[in-house]
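A closer look at the structure
Here's the letter readout for the chains.
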Amino acid sequence: MKRIVFAGAVALVMSLGFISPVTADKTEGKGEITPLADKVPAPDALKLNDGVVEGHIKPNDVLKKAVKAAKADEAEALKTCFNPNIRDYLDEESWSEKDGDKALTNLQAMARLLKAYPEDGGIEMKQGTVGDYAVIAVKNGEAVNLVQVQRVKKWEDEGDDKNWFLTSYNAYDYRIDYNAPGLKEIRDAIEKGDIDKMKEKLDPWQTGVLDLITGVEEGVDGYALLMKRFQKITKNAERPILLKQSGGSAIAYWFHSEAGDTFMVLRFSEQTDWETEKKYTNVEIDISNTSEFAKDPAEFFTSWVGDWGW
């Protein structure tokens, strides 16, 4: 069986051909919505546009600026790195981040977390054809964090000038490890056809129909059929392209080849071990979103990365 390569730290580096910077396309839309394509765009159609303000021209520029400000305890400079349309929330008290018994503001929590990030940022990953959405892969030890960045302007500003900004002010979005051990466990289970191990990585809220059809007829096992589907999806190409759900923490692994395009979605979430109070990343196979990609890949691709040309 062809070896399946998901997005571990090595795969992120090896995928540079898909995520290297491109020359900005200066053509701007005039307010119309770009019609949906009949099929998923080719990988070389993904692009990144430039911003116009120093420190916000490239996605990596704004992340490096934010890390530098955090390490220097420059709160106001750090605040300018976030989407200007959400900055009011930065001064609000975080519902989950504390320093001992003292609650932190969202900005204080972000400053504390970004201090641990490397100063040289990470690898920019193109996420759509419009060029206003990117993800930066940052390696922190064995962990890989994915930082979502968008090219936007302040709502009330005149003109079309857009710049790159961090889109989330929630610290947990920057802690999630997209190279968590559960990722390798899922990959190994699919490679080996280990149905029991695969079942451990499924959301029980999404498997009711599989239990319903299993055993209805001799030889019919819903989970075995699901395994065959996953193997078919992941054998379509050796190395997938990563598409992070815009505004979410799920990853669509895009297996592109001349034969077509297949997608498998994994959902990553931060959990807390209440005995030790340590946080960790849980990884599950997202059957529902994988199914949506199979049903209408072109349309779901567009909504997944917000690939609308307004």
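Our structure's up above, just so we're on the same page.
Described below are features of the structure shown in this document. All values derive from a computational prediction rather than experimental measurement.

Analysis parameters
Residues numbered from 1 in each chain as written. Predicted model: local features only at pLDDT ≥ 70, side-chain atom pairs only at ≥ 80, totals over all residues. Heavy atoms only, no water. Helix = DSSP H or I, 4+ residues; strand = E, 2+ residues; numbered from the N terminus. Expected span 1.5 Å × (residues − 1). Buried < 20%, exposed > 50% of the residue type's maximum accessible area, 1.4 Å probe, protein only. Pairing = 2+ DSSP bridges. Axes fitted to C-alpha atoms, helices over the stretch in contact; angles between N-to-C directions. Salt bridge = Lys/Arg side-chain N within 4 Å of Asp/Glu carboxyl O. Polar contact = N/O pair within 3.5 Å; in protein donor to acceptor, adjacent residues only side chain to side chain. Parallel < 35°, antiparallel > 145°, perpendicular 65-115°, else oblique. Contact = heavy atoms within 4.5 Å. Nonpolar A, V, L, I, M, F, W, Y, C, P; charged D, E, K, R; others polar. Core = buried A, V, L, I, M, F, W, Y, C linked by side-chain atoms within 4.5 Å. Phe/Tyr/Trp six-rings, centres within 6.5 Å; stacked < 30°, edge-to-face > 60°. Lys NZ or Arg CZ within 6 Å of the ring centre and 35° of its normal.

**What to know about helix H7 (residues 181-192)**
- The first and last C-alpha atoms of H7 sit 17 Å apart over 12 residues, in line with the 16 Å expected at 1.5 Å per residue.
- Of the positions making up H7, those classed as buried are Gly182, Leu183, Ile186, Arg187, Asp188, Ala189, Ile190 and Glu191.
- Backbone geometry just after H7 places Gly193 at a positive phi near 70°.

**Overview of the sheet that holds strand E7 (residues 241-244)**
- Within the open sheet, the four strands sit side by side as E7-E8-E9-E10. Their pairing is antiparallel. Unpaired on one side and paired on the other, E7 and strand E10 (278-285) mark the two borders of the sheet. On average, each strand axis in the sheet is inclined to that of its neighbour by 30°, with strand direction left out of account.
- One ladder, built from eight bridges, connects strand E9 (residues 260-273) with E10; its direction is antiparallel.

**Quick word on the pattern of salt bridges**
- Overall, the coordinates contain 17 salt bridges when judged by the stated rule.
- Note that Lys79 is salt-bridged to Asp91, the shortest N-O span being 2.9 Å. Separated by 12 residues along the polypeptide, Lys79 in helix H4 (residues 75-79) and Asp91 in the loop between H4 and strand E1 (93-99) bring together distant segments of the chain.
- With a relative accessible area of 14%, Lys79 lands in the buried category.
- For Lys162, the salt bridge is made with Asp132, and the minimal N-O distance between the two is 3.1 Å. A residue pair is termed long-range when its members are at least 10 positions apart, and Lys162 in the loop between strand E5 (143-152) and strand E6 (163-166) and Asp132 in the loop between strand E3 (123-126) and strand E4 (133-140) qualify at 30 residues.
- Residues joined by salt bridges that share partners form a network here, namely Glu97, Arg112, Arg175 and Glu270.

**Points about the side chain of Gln231**
- Structurally, the position occupied by Gln231 is in helix H10 (residues 222-234).
- A polar side-chain atom of Gln231 sits 2.9 Å from the main-chain carbonyl oxygen of Ile190.

**Comments concerning the packing of helix H11 (residues 287-295) against helix H12 (residues 297-304)**
- Interaxial distance between H11 and H12 falls to 6 Å at its minimum, and their mutual angle equals 130°. On the basis of the axis angle, H11 is oblique to H12. On H12, the residues that touch Asn289, Glu292, Phe293, Ala294 and Lys295 of H11 are Pro297, Phe300, Phe301 and Trp304.
- Here the contact of H11 with H12 is composed, by residue class, of six nonpolar, one polar and two charged.

**A closer look at the nonpolar core**
- Membership of the largest hydrophobic core comes to 45 residues, with the highest contact counts inside it found for Phe230, Leu266, Phe268 and Trp304.
- Sorting elements by how many residues they give to this core places strand E8 (residues 250-257) first, with six residues.
- Excluding residues within four positions of it along the chain, Leu266 makes contact with Leu183, Ile186, Ala250, Ile251, Tyr253, Val283, Glu284, Ile285 and Asp286.
- Formed by 28 residues, the second largest nonpolar core is a distinct cluster that contains Ala70, Ala111, Tyr117 and Ile136.

**Some details on the packing of aromatic side chains**
- All told, the structure shown has nine aromatic pairs when counted by the stated rule.
- Both rings, one in Trp254 and one in Phe263, keep their centres 5.9 Å apart while their planes meet at 15°; by these two values the pair is stacked.
- Looking at Trp254, the relative accessible area reads 0%, which means it is buried.
- Here the aromatic rings of Phe300 and Trp304 are separated by 5.8 Å at their centres, their planes lie at 45°, and the arrangement is tilted. You can see Phe300 and its partner Trp304 sitting in helix H12, four residues apart, about one turn around the helix.
- Residue classification places Trp304 among the buried positions, given a relative accessible area of 2%.
- The ring centre of Tyr223 lies 4.4 Å from the NZ or CZ of Lys199, which sits over that ring.

**Describing the environment of Asp261**
- Among the secondary structure elements, Asp261 is positioned in strand E9.
- Classification of Asp261 as partly exposed rests on a relative accessible area of 24%.
- Between the C-alpha atom of Asp261 and that of Ala298, which follows or precedes it by 37 residues, the distance is 9.6 Å.
- Those residues in contact with Asp261 that sit more than four places away from it in its chain are Val40, Asn236, Trp254, Phe255 and His256.
- Engagement of the side chain of Asp261 in a polar contact is seen with the side chain of Trp254, the distance being 2.7 Å.
- One polar contact links Asp261 to His256, side chain to side chain, over a distance of 2.6 Å.

**Some thoughts on the sheet that holds E5**
- Pairing is antiparallel in the open sheet, where four strands are placed in the order E3-E4-E5-E6. Two strands bound the open sheet, and with one partner strand each, they are E3 and E6. For this sheet, the mean angle separating the axes of adjacent strands, direction not counted, is 35°.
- Inspection of the sheet shows E4 paired to E5 by eight bridges, in the antiparallel sense. Following the sheet pairing, Lys139 is matched in E5 by Val144.
- Helix-sheet contacts for helix H3 (residues 59-71) involve E3, E4, E5 and E6, and the interaxial angle to E6 is about 45°.

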